[in-house]
Amino acid sequence: MGKVAQLVMGPAGSGKSTYCRTMLTHSQSIKRSFHLVNLDPAAENFEYEPTVDIRELITLDDVMEELQYGPNGGLIYCMEFLIENLDWFEEELQDYEDDYLVIDCPGQIELYTHFTIMRQIVEMLQRLNYRVCGVYILDSQFIEDTSKFFAGVMSAMSAMLQLEIPHINVMSKMDLVGTTKKQSELDRFFDVDTSLLLEDANKETRSKFHDLNRALVRLIDEYNMVNLLPLNINDEDSVTLILDHIDRAVQYGEDLEPKEPRDEEFEEEGGYGEMD
Ligand SMILES: Nc1nc2c(ncn2[C@@H]2O[C@H](COP(=O)(O)OP(=O)(O)OP(=O)(O)O)[C@@H](O)[C@H]2O)c(=O)[nH]1
Ligand SMILES: [Mg+2]
């Protein structure tokens, strides 16, 4: 089946760790074996024990205490330390020959805009024959207004351009907007109609910014940022849909041989009717 890794990125607090937890729960219900990899040196508790954990190499608390770094500088220090010790990471991954990783990343936006750290991690995974899919999590507050939406989309786009891997964007915390926004307002962002976006953006900004709005909308059109998938952690279908997109992006399972059912399984399951 080959090796697959979801690299879960996004701004601080956007719901990356919750997404990873939701994916792991989902994987159990569909009987796939996913491994959680934690790359956040400041992470606290996990419901699922990470299979690989950067905190075994370095923790943010130690860096802040011993080197007197602040939290943001300290985090970048930790990630650079990981890059200097990529052989540690490689060794930790060696045991997993044919596997599926869900990699929880830190929320420092700098990692996705101008540092090359994530790119180096992707290159290492590719060297180990992982097919990597970028999963960029934006939370639903980014659809509160058009300028926030632009800001979110720009950050997702910079990650996408920097990493050059199959990429999907997920809008998390949709359970929080369900009741407050009308479906027609939501469609504007999910099934992006850029002319409506431009209209809204122009209403929200002074006229000297209208050219900029037009340029941003054109960029969204050209890079096909329309692909924003809603995640409602209480709705299994939304998780299934996201995983389907990722499967297609990394061509998961395309190299699988069709399986013959064993006789007893076949009978228990009631013949061909129940097979998947
Ligand atoms: N209602 C709701 N709350 C969520 C959802 N996803 C995350 N949260 C909450 O948002 C906060 C941040 O979620 P995390 O999953 O820790 O976000 P993160 O992106 O991993 O955060 P950092 O690692 O600190 O960057 C927590 O209080 C979560 O409980 C969601 O889908 N719905
Ligand atoms: Mg987190």
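- As recorded in an unreviewed UniProt entry, the protein goes by GPN-loop GTPase 3 and comes from Polyrhizophydium stewartii.
- According to the UniProt record, the Function (unreviewed entry) comment for the protein reads "Small GTPase required for proper nuclear import of RNA polymerase II and III (RNAPII and RNAPIII). May act at an RNAP assembly step prior to nuclear import."

## Considerations on the overall build of the protein
Piece 1. What the protein contains, in helices and strands, is twelve helices and seven strands.
Piece 2. Here the protein holds 276 residues, and 47% of them are scored as buried.

## Quick look at the packing of helix α1 (residues 16-29) against helix α11 (residues 236-250)
Piece 1. Interaxial distance between α1 and α11 falls to 11 Å at its minimum, and their mutual angle equals 90 degrees. Taken together, α1 and α11 sit at an angle that is classed as roughly perpendicular. For the pair α1 and α11, contact is made by Tyr19, Thr22, Met23, His26 and Ser29 and by Glu236, Val239, Thr240, Ile242, Leu243 and Ile246, respectively.
Piece 2. Classifying every residue of the contact of α1 with α11 gives six nonpolar, four polar and one charged.

## As for the nonpolar core
Piece 1. Phe89, Ile121 and Leu125 are the most contacted members of the largest nonpolar core, which totals 59 residues.
Piece 2. At eight residues, the largest contribution of residues to this core is made by helix α7 (residues 146-163).
Piece 3. Ignoring anything within four residues of it in the chain, the contact list for Phe89 reads Val37, Leu39, Val52, Leu82, Ile121 and Met124.
Piece 4. One finds Tyr100, Cys133, Val170 and Leu231 within the second-largest nonpolar core, a separate group that totals 24 residues.

## Notes on the site of ligand 1
Piece 1. Not every one of the 14 residues close to ligand 1 is listed here, only the nearest: Gly15, Lys16, Ser17, Thr18 and Asp175.
Piece 2. In the environment of ligand 1, an oxygen atom lies 2.9 Å from a nitrogen or oxygen atom belonging to the backbone of Gly15.
Piece 3. Separating a nitrogen atom of ligand 1 from a side-chain N or O atom of Asp175 is a distance of 2.9 Å.

## Here's the deal with the pattern of salt bridges
Piece 1. Taken as a whole, this structure holds eight salt bridges when the rule is applied.
Piece 2. We note a salt bridge from Asp139 to Lys173, for which the minimum N-O separation is 3.9 Å. With a gap of 34 residues between them, Asp139 in strand β5 (residues 130-139) and Lys173 in the loop between β6 (167-172) and α8 (183-190) connect regions that are remote in the sequence.
Piece 3. Given the relative accessible area of 7%, Asp139 is considered buried.
Piece 4. Given a relative accessible area of 29%, Lys173 falls into the partly exposed group.
Piece 5. Counted as one network, the salt bridges with shared partners bring together Arg119, Glu123 and Glu164.

## Things to note about the environment of Pro50
Piece 1. In this fold, Pro50 is placed in the loop between β2 (34-38) and β3 (52-53).
Piece 2. A residue is classified by how much of its surface remains accessible, and Pro50, at 11% relative accessible area, is buried.
Piece 3. If we skip the residues at most four places from it in the chain, Pro50 touches Leu36, Asn38 and Arg55.

## Brief notes about the side chain of Gln108
Piece 1. By secondary structure assignment, the location of Gln108 is in the loop between β4 (100-104) and α5 (110-113).
Piece 2. Not counting the four nearest positions on each side in its chain, Gln108 is found in contact with Pro71, Asn72 and Leu75.

## As for a negative patch on the surface
Piece 1. Where like charges cluster on the molecular surface, the negative patch consists of Glu44, Asp61, Asp62, Glu65 and Glu66.
Piece 2. Mapped onto the elements, Asp61 comes out in helix α2 (residues 60-67).
Piece 3. The exposure class of Asp61 is exposed, given its relative accessible area of 58%.

## Things to note about unusual backbone geometry
Piece 1. Here the phi dihedral of Asn129 falls at roughly 70 degrees; this positive angle occurs in a residue that is not glycine.
Piece 2. Inspection of the secondary structure assignment puts Asn129 in the loop between α6 (117-127) and β5.
Piece 3. By relative accessible area, Asn129 is classed as exposed at 59%.
Piece 4. One non-glycine residue, Lys173, lies in positive phi territory at about 60 degrees.

## What to know about the side chain of Lys16
Piece 1. Here Lys16 shows up in helix α1.
Piece 2. At 2.8 Å, the side chain of Lys16 and the backbone oxygen of Pro11 are in polar contact.
Piece 3. Excluding residues within four positions of it along the chain, Lys16 makes contact with Val8, Met9, Gly10, Pro11, Asp104, Cys105, Pro106, Gly107 and Ile137.

Cut-offs and rules
- Residues numbered from 1 in each chain as written.
- Chains lettered and ligands numbered in written order.
- Predicted model: local features only at pLDDT ≥ 70, side-chain atom pairs only at ≥ 80, totals over all residues.
- Heavy atoms only, no water.
- UniProt positions renumbered as here; feature names shortened; annotations may be inferred.
- Helix = DSSP H or I, 4+ residues; strand = E, 2+ residues; numbered from the N terminus.
- Buried < 20%, exposed > 50% of the residue type's maximum accessible area, 1.4 Å probe, protein only.
- Axes fitted to C-alpha atoms, helices over the stretch in contact; angles between N-to-C directions.
- Parallel < 35°, antiparallel > 145°, perpendicular 65-115°, else oblique.
- Contact = heavy atoms within 4.5 Å.
- Nonpolar A, V, L, I, M, F, W, Y, C, P; charged D, E, K, R; others polar.
- Core = buried A, V, L, I, M, F, W, Y, C linked by side-chain atoms within 4.5 Å.
- Near = heavy atom within 4 Å.
- Polar contact = N/O pair within 3.5 Å; in protein donor to acceptor, adjacent residues only side chain to side chain.
- Salt bridge = Lys/Arg side-chain N within 4 Å of Asp/Glu carboxyl O.
- Patch = residues over 30% accessible without salt bridge, like charges linked within 9 Å, V, L, I, M, F, W, Y side chains within 5 Å.
- Areas by Shrake-Rupley, 256 points an atom, 1.4 Å probe, with all protein chains shown as cover.
- Lys, Arg positive; Asp, Glu negative; His and termini not counted.
- Charge placed at Lys NZ, Arg CZ, Asp CG, Glu CD.

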